[in-house]
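Descriptive analysis of the structure
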Amino acid sequence: MGLVLAAHLYVWHRLVRSTTLPGGRLRKSLSWGVVGLFLLVVATFLGTRLEYGKWLAWPGYVWIALMFYLVVILAVLEIPRAVVVAFLRRSERRAEAGVAAVPAEAAAVAVPAGGGPAGGPTGGGAAESLDAAPAAAEGTSGVPDAVLSRRLFLGRTTAAVAGVAALGTVGYGMRTALGDPVIEPVKVTLPKLDPRLSGLRFAVVSDIHLGPLTGKAHTERIVRMINGLEADVVAIVGDLVDGSVAELGPLARPLRGLESRYGSYFVTGNHEYFAPGGPVEWIEELDRLGVRSLRNERVEIKHQGAVLDLAGVNDVGGTSSGDGPDFVKALGGRDTSRSTVLLAHQPIQVAEAAKHGVDLQLSGHTHGGQIVPFNLVVGLQQPVVSGLATRDGVQVYVTRGAGFWGPPVRVGAPPEITLLELR
């Protein structure tokens, strides 16, 4: 909340204080508007966790996205703005120096005929006229009108550029987030893969985030697209929901229609542990929908006479409740000559996977950063933000996810369903 407050203060400084006259009605009205938007964010954070506050999600999260990009764009514009300000100040100093260089006698004021001595009835007229001249050239803030006009023009120009850019970026991001996921074809070579398993295909999806901003159509579209891939295995790598079964059960029902040769599998993400009833009720619901949860366990995928070990571990978010990942349970005692694919929600779990000889880890969690430049921040916490990489000798594929969290916006990281083929 401290960061949110600081962001609103910065937006107020650049979009209100720098674009309006002090003491004016417009400044007061816009200032109260910024206060209202800050309170909207607070109410959104609280309300989306309560049944009666879900309606705040759309206006609240859209404003959060706009606020984020206003801050980012205004921060970038600080550099050219500082250059212009320095130029204007230099021009003002030159103008002041020119006035100071005028000879004293040229600035002398003639005393009108009949004028009395200094201090007499009419002797103060010249001094009064000199004092009045600067006052007439100053605005209500005590700043010369010309300087004030230049400052307002610069402030309003900066605000207009930032506003248009932020609105355009968020509009594009909403269209991307709410549109069809991109199908990402990926081929992964596993050196010790049995040749008979070559060509085995996984449909990988993560971070669907069923919640107050998604509808049943969101799930139906994902199921339809996955089925169109005709994959051998469907892997849902966590963060399926943002709520309880009672609230979101109807949105998840289309998952019953998932089609694949060897079944659909699920592992928990951190958001399953945020659900009011925890992950257990969702695991039971998914079982009713025909999706098997891998709870620190593994199954054998038998294909063309060969066997692949498919393992799944709980998310690290379950550690505090005693339901965290157990790699020994999931991967111990297996035939190490077989290739192993591990489903683990967070890429950071690869460090532990490497200790157990995993060949390939499939993860999500990062959303690919979801909104640029947030991907740079995600990279500080996770070893892979998106795509295929090798960490600690293990190949890791991180899908960007098919949904969104928070603002319904994706910039630079379109939603994704992955068709991954083993070679």
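Look a little higher up for the structure.
A brief structural summary. Small disclaimer: the values here were computed from a predicted structure and weren't measured.

**Describing the sheet that holds strand 7 (residues 306-312)**
- One open sheet holds the 6 strands; their spatial order is 6-7-8-9-11-10, and the pairing between them is mixed. In this open sheet, the two edge strands, each paired with only one partner strand, are strand 6 (297-303) and strand 10 (387-391). When strand polarity is set aside, the average angle formed by the axes of neighbouring strands in this sheet is 25 degrees.
- Two strands pair when backbone bridges link them, and strand 9 (residues 360-363) and strand 11 (residues 394-398) are joined in this way by 4 bridges, in the parallel orientation. The partner of S363 across the bridge, within strand 11, is V398.

**Overview of the packing of aromatic side chains**
- Per the stated rule, a full pass over the model turns up 1 aromatic pair.
- Considering the side-chain rings of F68 and Y69, the 5.1 Å spacing of their centres and the 80 degrees angle between planes classify their relative orientation as edge-to-face.
- By relative accessible area, which is 25% here, F68 ends up partly exposed.

**Describing the pattern of salt bridges**
- Taken as a whole, this structure holds 13 salt bridges when the rule is applied.
- A salt bridge links R292 to E297; its shortest N-O distance comes to 3.4 Å.
- Between R295 and D323 there is a salt bridge, with the nearest N and O atoms lying 2.9 Å from each other. Remark: D323 occurs in the loop between strand 7 and helix 9 (327-331) and R295 occurs in the loop between strand 5 (291-293) and strand 6; sequence separation between them is 28 residues.
- Residue classification places D323 among the buried positions, given a relative accessible area of 18%.
- Connected through salt bridges with shared partners, the residues E184, R400 and E416 form a single ionic network.

**Here's the deal with the environment of L26**
- Relative to the helices and strands, L26 resides in helix 2 (residues 25-47).
- In sequence terms L26 and V16 are 10 residues apart; their C-alpha atoms lie 8.7 Å from each other.

**Here we look at the side chain of D207**
- If you trace the backbone, D207 turns up in the loop between strand 2 (201-205) and helix 6 (216-229).
- Polar side-chain contacts of D207 include one of 3.2 Å to the side chain of H367.
- Excluding its chain neighbours within four sequence positions, the residues that come into contact with D207 are G238, D239, H345, G364, H365, H367, G401, A402, G403 and F404.

**Section: the side chain of H367**
- With respect to the element layout, H367 can be found in the loop between strand 9 and helix 11 (374-378).
- Setting aside residues no more than four positions away along its own chain, H367 makes contact with D207, H209, R400, F404, W405, R410 and A413.

**Here's the deal with the sheet that holds strand 12 (residues 416-422)**
- Taken together, 6 strands build an open sheet; the order of strands is 1-12-2-3-4-5 and the sheet is mixed. In the strand order of this sheet, the two ends are held by strand 1 (182-188) and strand 5, each with one partner. Neighbour-to-neighbour, the strand axes of the sheet open up by a mean angle of 25 degrees, direction not taken into account.
- One ladder, built from 7 bridges, connects strand 1 with strand 12; its direction is parallel. Residue pairing across strands places V188 opposite L422, the latter belonging to strand 12.

**Some thoughts on a nonpolar patch on the surface**
- A cluster of nonpolar side chains, W32, V35 and L39, forms an exposed patch at the surface whose accessible area comes to about 350 Å².
- By the secondary structure assignment, V35 is in helix 2.

**Notes on a positive patch on the surface**
- There is a patch of like positive charges on the surface, built from R89, R90, R93, R94 and R151.
- Sort the elements by how many residues they give to the positive patch and helix 3 (residues 57-100) lands first, with 4 residues.
- Here R94 is to be found in helix 3.

**Brief notes about the packing of helix 7 (residues 245-252) against helix 8 (residues 278-288)**
- Packing of helix 7 against helix 8 brings their axes to within 11 Å, and their N-to-C directions diverge by 30 degrees. The angle between helix 7 and helix 8 falls in the class roughly parallel. Regarding helix 7 and helix 8, the two cross each other, and that crossing is right-handed. Taking contact as the criterion, the partners of V245, L248, G249 and A252 in helix 7 are, on helix 8, E281, W282 and E285.
- Grouping the constituent residues of the contact of helix 7 with helix 8 by class yields 4 nonpolar, 1 polar and 2 charged.

What counts as what
- Residues numbered from 1 in each chain as written.
- Predicted model: local features only at pLDDT ≥ 70, side-chain atom pairs only at ≥ 80, totals over all residues.
- Heavy atoms only, no water.
- Pairing = 2+ DSSP bridges.
- Helix = DSSP H or I, 4+ residues; strand = E, 2+ residues; numbered from the N terminus.
- Axes fitted to C-alpha atoms, helices over the stretch in contact; angles between N-to-C directions.
- Phe/Tyr/Trp six-rings, centres within 6.5 Å; stacked < 30°, edge-to-face > 60°.
- Buried < 20%, exposed > 50% of the residue type's maximum accessible area, 1.4 Å probe, protein only.
- Salt bridge = Lys/Arg side-chain N within 4 Å of Asp/Glu carboxyl O.
- Polar contact = N/O pair within 3.5 Å; in protein donor to acceptor, adjacent residues only side chain to side chain.
- Contact = heavy atoms within 4.5 Å.
- Patch = residues over 30% accessible without salt bridge, like charges linked within 9 Å, V, L, I, M, F, W, Y side chains within 5 Å.
- Areas by Shrake-Rupley, 256 points an atom, 1.4 Å probe, with all protein chains shown as cover.
- Lys, Arg positive; Asp, Glu negative; His and termini not counted.
- Charge placed at Lys NZ, Arg CZ, Asp CG, Glu CD.
- Parallel < 35°, antiparallel > 145°, perpendicular 65-115°, else oblique.
- Left-handed = near helix turned anticlockwise from the far one by under 90°.
- Nonpolar A, V, L, I, M, F, W, Y, C, P; charged D, E, K, R; others polar.

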